[in-house]
Amino acid sequence: MNHMKTKIGRRAFIKNTSVAGSGLILGFSWLNSCKPKDAEIKLFKEMPKEWFEINAYLKIGENGLVTIVSPNPEGGQNIKTSMPMIVAEELDIEWTDVIVQQAPLNTDLYSRQFIGGSQAIRRGWNGLRMTGASARQMLKEAAAQAWNVPVEEITTNSGMLYHESGNKKATYGELAASAAQLAVPEKVNLKSINDFKIIGTSRKNVDGHKIVTGKPLFGSDIQLEGMLIAMIVHPPAFGMKLKSYEESSIRSMPGIHDVFAIKVLEDDYIRQHFDTCAFLEVVAIVGNSTWEVMNAKKSLDVVWEPFDSYSEERVPYGRSQRTLNIPAGLESSSGHRRMMIEQASKKADIIRKDGDPEVAFKKAAKVIERDYTGPFLAHNCMEPMNFFADVKEDSAKLSGPLQKAELTEAAISKRLGIPVEKIDIEITRLGGGYGRRSYAHWALEAAVISQKVKAPVKLIYTREDDMTGGIYRPMYRVKYKAALDANNRLTAIHINAGGIPESPLYANRFPAGAVENYLAESWTINTNITIGSFRAPRSNFMASAEQSFLDEIAEEMDKDPIEFRLELLERARKNPVGENNDYDAERYAGVLELVKEKSNWGNEDSALKRGVSAYFCHNSYAAQVVDMKLENKIPRIEKVICAIDCGIVVNPDAASNLCEGGIVDGIGIALYGELTFKEGVPDKSNFDRYRMIRMSEAPKEIRVHFVKNDIDPTGLGEPTFPPVFGAVANALYRVTGNRHYHQPFINNPLNYS
């Protein structure tokens, strides 16, 4: 049994209990300080000096039902089910007795109320367990007092308390009111992993029935009496700004209330990382219905003009403030490619250097050199951006899909001139996120529009607005070089990676630490095209290039692709080069061994061609084998076998679903995903041209295998996404005889030049 103190560092477990309808309410926060409102003083029996780092909210009713409030947004990754499962496990109740509710944004009670980086379960694991264990201990103490017996003699099972020798028992609900009067324990006992009854078992999505029956869960579902509909018109090209517009022609159109220009952010505002906004000045149209506003939008006469280059201050997430230079001009993809080729030949920043790679390359008997590129990509969430806002003179209520509502609240407060404590944000279920809903400029737009018209407003983006509005995956290029000596042994690797406007390089990831002579360089090119997080940022490109290149090296060395990787990892495990390698070579090798076993590697169907790939990101390890064949000269993926080490798996079916979704998503983007520009204008604005994977193109079979261990859970939403790019590229080579260096792989002339 594990023991856990309820105080960790400066942040302690908040004593936050009360009698509420004869029930126990237990909550947590990681804030360093908090001034409770009058209503909260009545709720809290005792206010702490310190706060604990996890946000969870637990209510036990007199009938034994338990409500667990999930503070993190739900974007399809199933944390709204999995996080309460962790609490329920340590509370020791039946899952059928749990009611799950979505929490609104409330930084007085919760913190890190956001999703991103596959961190929700990982960051919440210990605190969520403590949430349930602490409540269970308080119930045991209440039973011990009621029965006048030592608390050590009280046991629990499935929502019941027992004193075996005294032949006494009670439900949690019967003792909830008494437990609410007790102090939160200083230390709690956590269950042994071997005693888990809920964690590690498959539970259905708590919103599943509502989703399939069309119940309102999403921001798009919001309908309120008196609510107006708003849309925005943004510049048609990056590098342009609003000059003027003629509104008279649409003011008389049916259902139109108002037309005006808004500034999304003020000029003097210092943007934080997730305050990225492509177009700071847009035209808003407000009316009665979506159809009426869309018609008016098509008729609005707007004049745009190029803007001059400028600089602005930014505060990147977790880093110090820096100046970002935005160039003028209408950029094109042909120019981007030319600039990247030129930049790659210039001196770059050395990020890591082991040994003497320059000498190793000079002495090499053979040098392998390959270039890889990846285009800009649009997120294309199934639910386009939308948000509801009802802004009063001194308060605001907002609702909609956000990944990082907690970080957006400050920007809304600053823009509206309303204190944060007067702003309420309800977090709806996300109809897709993948990083796109981290950048909540549309929430700001909705708030500013509502403040202007003095009415509740729902802002709706069309698919065209969304796809042409920026926040794309950056454009990348990387050159890999490998040196082989006279004995055909690998002696050096050189990576030169960059992008527009960020570099994809992870200098301390594999194969760093496995090669004696290693050089990693980085460069960037400024742009006025806005970029942002895209599922497994940077990894989604680097995994493809790295794993494709390792296959080429293995082929040149006449080695099996999996065995070659395992040899490198064995070197990194036994005698690593350098001190900053950010991966565990043994766990990395473990997923390769598992995928080798589960795919029956080396004894595959002769009609199929295989590609393998493995990658570490978001604290987890994934390896994949893709089985492919040619069907009427078209590559078809028959099967994908995936092995993943993400520590303890909370909800196996949901975890498998998440892995399968990442694999299908990655295959589609690897084969077809691309957004290009001509004179600042995106070449695609809807699904008629932006190619997504189709049902018939998805793998016929996906098998997911989890490494079984007792390691605390790590990331899962992103780790299975990057490696499939490389596995697809390597399978394509074996099917077609051609290496594919440039994304997208299908119908890309760069791959056949």
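Reading the values: rules and limits
- Counting of residues starts from 1 at the beginning of each chain's written sequence and follows it residue by residue.
- Residue-level local features of this predicted model are given only where pLDDT is at least 70; pairs of side-chain atoms are given and counted only at 80 or more, and the full residue set underlies all totals for whole chains, interfaces and linings.
- Side-chain numbers come from the whole structure's heavy atoms, not from hydrogens or water.
- Note on terminology: a nonpolar core comprises buried Ala, Val, Leu, Ile, Met, Phe, Trp, Tyr and Cys residues joined through side-chain atoms within 4.5 Å.
- Buried, partly exposed and exposed residues are distinguished by accessible area as a fraction of the type maximum, computed with a 1.4 Å probe on protein chains only: under 20%, between the cut-offs, and over 50%, respectively.
- Only DSSP runs of H or I covering at least 4 residues are called helices, and only runs of E covering at least 2 are called strands; the numbering of each starts at the N terminus.
- We call two residues contacting when some pair of their heavy atoms lies within 4.5 Å.
- DSSP bridges decide pairing: two strands pair if at least two such bridges lie between them.
- To get an axis, a line is fitted to the C-alpha atoms, and for a helix only the part in contact is used. The angle between two axes follows their N-to-C directions and goes from 0 to 180 degrees.
- The term disulfide is used for any two cysteine sulfur atoms that are within 2.5 Å.
- A score from 0 to 100, pLDDT tells how confident the predictor is in each residue.
- Any pair of nitrogen or oxygen atoms within 3.5 Å is treated as a polar contact; in protein, a donor-acceptor pairing is required on top of that, and neighbouring residues in sequence qualify only through side-chain atoms on both sides.
- For this classification, under 35 degrees means roughly parallel, over 145 means roughly antiparallel, 65 to 115 means roughly perpendicular, and everything else is oblique.
- Helix crossings get a hand from a simple test, with the near helix turned counterclockwise from the far one by less than a right angle marking a left-handed crossing and a clockwise turn marking a right-handed one.
- By the convention adopted, Pro, Cys, Tyr, Trp, Phe, Met, Ile, Leu, Val and Ala count as nonpolar, Lys, Arg, Asp and Glu as charged, and the other residues, Gly among them, as polar.
- Here, a salt bridge means any Lys or Arg side-chain nitrogen found within 4 Å of an Asp or Glu carboxyl oxygen.
- Each Phe, Tyr or Trp ring (for Trp, its six-membered ring) is paired with any other whose centre lies within 6.5 Å, and the angle between the two planes then decides the class: stacked below 30 degrees, edge-to-face above 60, tilted in between.
- A ring is scored as having a charge over it whenever the NZ atom of a lysine or the CZ atom of an arginine sits within 6 Å of its centre and within 35 degrees of its normal.

Asks: How would you sum up the nonpolar core? Please name residues and give values.
Replies: I449 and V728 are the most contacted members of the largest nonpolar core, which has 97 residues in total. Per element, the largest residue contribution to this core is nine residues, and it comes from helix α16 (residues 652–672). If we ignore the near neighbours within four places in the chain, the residues touching I449 are A230, I232, F260, I262, A284, V286, V457 and L459. Y372, L505, I553 and V625 belong to the second-largest nonpolar core, a separate cluster that totals 54 residues.

Asks: Any details on the pairing of strand β7 (residues 66–70)? Residues and values, ideally.
Replies: Counted residue by residue, β7 has five buried out of five residues, so it is predominantly covered. Residue alternation in β7 divides its side chains into two sets, V66, I68 and S70 and T67 and V69, and both sets are buried. Note: β7 against strand β8 (residues 98–102), five bridges, orientation parallel. Looking at β8, one finds that S70 is bridged to Q102.

Asks: Any details on the sheet that holds strand β16 (residues 271–272)? Residues and values, ideally.
Replies: Spatially, β16-β19-β20 is the arrangement adopted by the three strands of the open sheet, whose pairing is mixed. The open sheet has two edge strands, β16 and β20 (322–326), and neither has a second partner. Pairing analysis gives five bridges linking strand β19 (residues 310–315) to β20, with the strands arranged antiparallel. Each residue of the ladder has a partner; that of E313, found in β20, is T323.

Asks: Tell me what's going on with the pairing of strand β17 (residues 281–287), and back it up with residues and numbers.
Replies: Judged by how many residues are buried, β17 sits mostly within the fold: six of seven residues are covered. Note: strand β13 (residues 228–233) against β17, five bridges, orientation antiparallel. Of the residues in β17, the one forming a bridge with V233 is V283. Alignment of strand β15 (residues 256–263) against β17, held across seven bridges, turns out to be antiparallel. Directly across from F260, in β17, lies its bridge partner A284.

Asks: Run through the sheet that holds strand β32 (residues 634–645), naming residues and quoting values.
Replies: In spatial order, the strands read β30-β31-β32-β35; together these four strands make up an open sheet with mixed pairing. The sheet is open, and its two edges are formed by β30 (609–617) and β35 (701–706), each paired on a single side. The mean inter-strand angle of the sheet, taken between neighbouring strand axes irrespective of direction, is 15 degrees. Note that strand β31 (residues 620–631) and β32 share eleven bridges and pair antiparallel. From the neighbouring strand, Y621 faces β32, where its bridge partner is D645.

Asks: How would you explain the state of the cysteines if you had to name every residue and give the values?
Replies: Scanning all chains against the criterion turns up zero disulfides. Lacking any disulfide linkage, C642 is separated from the closest cysteine sulfur, that of C659, by 5.2 Å. C646 takes part in no disulfide bond, and the closest cysteine sulfur, belonging to C659, lies 6.5 Å away.

Asks: Break down the confidence of the model for the chain for me, citing the residues and quoting the values.
Replies: Here the chain averages 90 in pLDDT, while 92% of its residues score no lower than 70. Taken as a whole, residues 7–22 scores under 50 in pLDDT and shows 76 contacts with residues more than four places along the chain or in a different chain. In the predicted structure, residues 27–56 sits below a pLDDT of 50 and forms 100 contacts with residues beyond four places in sequence or in another chain.

Asks: Break down the side chain of D207 for me, with residues and values.
Replies: Within the element layout of this structure, D207 appears in the loop between β12 (187–190) and α5 (208–212). You can call D207 buried: its relative accessible area is 2%. Only 3.1 Å separates the side chain of D207 from the side chain of K80, close enough to count as a polar contact. Every residue in contact with D207, bar those within four places of it in the chain, is listed here: K80, L217 and R429.

Asks: Before we move on, could you go through the side chain of D645 and cite the residues and values that matter?
Replies: Tracing the sequence through the fold places D645 in strand β32. Reaching out from D645, the side chain makes a polar contact with the backbone nitrogen of G647 at a distance of 3.2 Å. Within the local environment of D645, its side chain forms a polar contact with the side chain of N709, the two groups lying 3.0 Å apart. Setting aside chain neighbours within four positions, we find D645 in contact with R587, V591, S620, Y621, V707, N709 and T714.

Asks: Tell me about the packing of helix α14 (residues 561–574) against helix α15 (residues 585–598), residues and numbers included.
Replies: At a minimum axis separation of 9 Å, α14 and α15 run at an interaxial angle of 160 degrees. By the angle class used here, α14 and α15 are roughly antiparallel. Judged by the sense of rotation from one axis to the other, the crossing of α14 with α15 is left-handed. Side by side, α14 and α15 meet where I562, E563, R565, L566, L569, A572 and R573 of the first sit next to A585, E586, Y588, A589, L592, E593 and K596 of the second. Considered class by class, the residues forming the contact of α14 with α15 number eight nonpolar, no polar and six charged.

Asks: Outline the packing of helix α2 (residues 79–91) against helix α3 (residues 120–147), supporting the account with residue identities and numerical values.
Replies: One can describe the packing of α2 onto α3 by two numbers: an axis separation of 6 Å at closest approach and a directional angle of 35 degrees. The two elements α2 and α3 meet at a crossing, and its hand is right-handed. Contacts between α2 and α3 involve I79, S82, M83, I86, V87, E90 and L91 from the former and A120, I121, W125, L128, R129, T131, G132, A133, A135, R136 and L139 from the latter. Grouping the amino acids of the contact of α2 with α3 by side-chain chemistry returns twelve nonpolar, three polar and three charged.

Asks: Requested: an account of the pattern of salt bridges, with residues and values cited.
Replies: Applying the stated criterion across every chain, the model contains 46 salt bridges. A salt bridge links R129 to E90; its shortest N-O distance comes to 2.8 Å. Taken as a pair, R129 in helix α3 and E90 in helix α2 lie far apart in primary sequence, 39 residues in all. What makes E90 buried here is its relative accessible area of 0%. A single salt-bridge network, built from bridges that share partners, covers K629, E631, R636, E638 and K700.

Asks: Explain the packing of aromatic side chains to me, using residue names and the numbers behind them.
Replies: Each aromatic ring pair is described using two quantities: the centre-to-centre distance and the angle formed by the ring planes. For the coordinates displayed, the defined rule picks out 18 aromatic pairs. Aromatic side chains F376 and F677 sit 5.4 Å apart centroid to centroid with 85 degrees between the ring planes, which places their arrangement in the edge-to-face category. Residue F376 is located in the loop between β22 (366–374) and β23 (386–391), and its partner F677 is located in strand β33 (residues 677–678); the two are separated by 301 residues in the primary sequence. Positioned above the aromatic ring of Y506, the side-chain terminus of R509 is 3.6 Å from the ring centre.

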